[in-house]
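Survey of secondary and tertiary structure
Chain by chain, the residues run as shown.
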Amino acid sequence: MRIEIKQIKKITKDETAVAKAREIDEAGADGSIKGNKILEGKEVSLFESAIGNSLSGETYKALFGFDRSEKSSETPMDMTPSSSEGNFVASDKPSEVKVSGDFNPDGSLKGSGIISGTISLTDADGNVMSIPLEIDAKHLYGSNKKQAVDKVIQDLQKAIDGLPANLKSDLMNEINKFYIGSENTRIDADDGRGARFMSPLGSFSPDNSTLTLNRLYDGHISKDGINTNTLAHELGHAKDQLGEGYQSQTNFSQLFSQLTTALKTGSVKAYFSHKDDLEQGYWLKNQKEAFAELTGYFAEIEDMKKRGDIPHFSPNSRYYLLNQVMTSDDPKIKPIVQKMLEEYRQIAENSNSANPVERKGNNNINVAEKRIELSGFKISPKVDKSLYNSYISLIYEDDLNDMLGELSPQKFLLQYWQYSHKDGTGENDKAIFNSLDDKTKELFKKMDERASAKPPLQSWIDVRAGFDKYLKNLNLIK
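Residues numbered from 1 in each chain as written. Predicted model: local features only at pLDDT ≥ 70, side-chain atom pairs only at ≥ 80, totals over all residues. Heavy atoms only, no water.

**Considering the confidence of the model for the protein chain**
This prediction gives the protein chain a mean pLDDT of 87; 92% of its residues lie at or above 70. Contacts for the low-pLDDT stretch residues 186-198, under 50 throughout, to residues beyond four places or in other chains number 36 contacts. (pLDDT = per-residue confidence, 0-100. Contact = heavy atoms within 4.5 Å.)

**Here we look at helix H6 (residues 165-174)**
Burial runs high along H6: 9 of the 10 residues are buried. Of the positions making up H6, those classed as buried are Asn166, Leu167, Lys168, Ser169, Asp170, Leu171, Met172, Asn173 and Glu174. (Buried < 20%, exposed > 50% of the residue type's maximum accessible area, 1.4 Å probe, protein only. Helix = DSSP H or I, 4+ residues; strand = E, 2+ residues; numbered from the N terminus.)

**Description of the environment of Glu293**
Tracing the sequence through the fold places Glu293 in helix H10 (residues 287-307). With a relative accessible area of 1%, Glu293 lands in the buried category. Counting along the chain gives 222 residues from Glu293 to Lys71, while the straight-line C-alpha distance between them is 17 Å.

**Section: unusual backbone geometry**
The peptide bond linking Lys454 to Pro455 adopts the cis configuration, its omega dihedral lying at -5°. With respect to the element layout, Pro455 can be found in the loop between helix H19 (438-451) and helix H20 (458-473). Phi at Lys13 is positive, roughly 50°, even though this residue is not glycine. Tracing the chain through its elements places Lys13 in the loop between helix H1 (5-12) and helix H2 (15-27).

**A closer look at the pattern of salt bridges**
Here the idea is simple: oppositely charged side chains can pair when their charged atoms come close. Taken as a whole and judged by the stated rule, the model has 26 salt bridges. Note that Glu48 and Lys71 form a salt bridge whose closest N and O atoms lie 2.7 Å from each other. With Glu48 in helix H3 (residues 42-51) and Lys71 in the loop between helix H4 (57-64) and strand E3 (96-100), the pair connects residues that are 23 residues apart, well separated along the chain. By relative accessible area, which is 3% here, Glu48 ends up buried. Residue classification places Lys71 among the buried positions, given a relative accessible area of 17%. Linked through salt bridges whose partners overlap, the residues forming this network are Lys151, Asp155, Arg215 and Asp224. (Salt bridge = Lys/Arg side-chain N within 4 Å of Asp/Glu carboxyl O.)

Laid out in structure tokens, this is it:
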């Protein structure tokens, strides 16, 4: 945004305002050209902060191009990433999205339609970390699938790099896998039903910490989830989910209930009339969606600040209604909103103070059991002949047969994962290990001792290697 000082003089006819504009122009701000008689970028924000409240509503709109009531809070949330507990902190270096897929010369698919790849981020020391990526190319719109995939990659990188610093870092700290879907994609929204359309624009699955963004078409109208707003929303769900439960279901939920009650009465009851609006009213659906939409709202404010714009939301914005409520001076609303924002901060701090393994729920028995179940794990010669042969050989050992023969492969894998926490020093590691009964602990200890003996129990060495590989694929061990 740019405002010429002569324009300020013409609109306001206020020498005090003009003098302030000249002062800011001479000092410059964040790389703006000093003394060019034009306010630009951060200069405009400084000018608005200095004189905005002294202007009439009409003059304010004439100068800045929007109603004063549309302005957001200037410092609604700290978006600085946390570096505690081994959390990854992304640098300003652009993300890198790479995929490998087979296409014909005309851009049509050669393979099954699922394109694999990675999303990579770099920290301040130059260390690179990656998240597995899958793209449902088969159902992307149009016959030229390579062109469609290239566009997905371009838009996905733009969406990631548009995130504020803390949410960009949270991609690595919260997410095990990234998925790009389409009209016929699986629906794994957190409520189990999907959110807005036939499939949601995006979703977060707490069972496996997978984040999905969908590129949907309804006729010729694209309903596109591959953007910073939807990505920030889903990262809000991921940040809310810690271990095995959503943090917003406690104090935040009670405050959300109080707020929705307040919005149904008195001078502000018009707000609640938007509750069925799939855009502006979506945050009124429940406390989890309110938390996630607040995350997108804060991300949008940060993006506007980064561009040098005055953060504001016009009536056609996704966050207009939310902003009206968050900045309201109504005595029925303001105290509740302030407490909700305090609770939001506390939830974010809770997540930031946990290490990535805990944040993703990778160190939780219920999550591990669910992931193993959902993966459909089985020991079969068609799936892994070597593992199958080793497993059969192991369970037919005379002194192991009675116990191992009674275990299903999924239960055996889960117990092995529990036993793998035996050397952990954290309280959670100890709790997971101690959840095994003494008889099972002795069984694994006996197999490990025999694996180290001469001759070694090679079948258990091979089964352990196969189990470790599978658990790594499920992001349950490093």
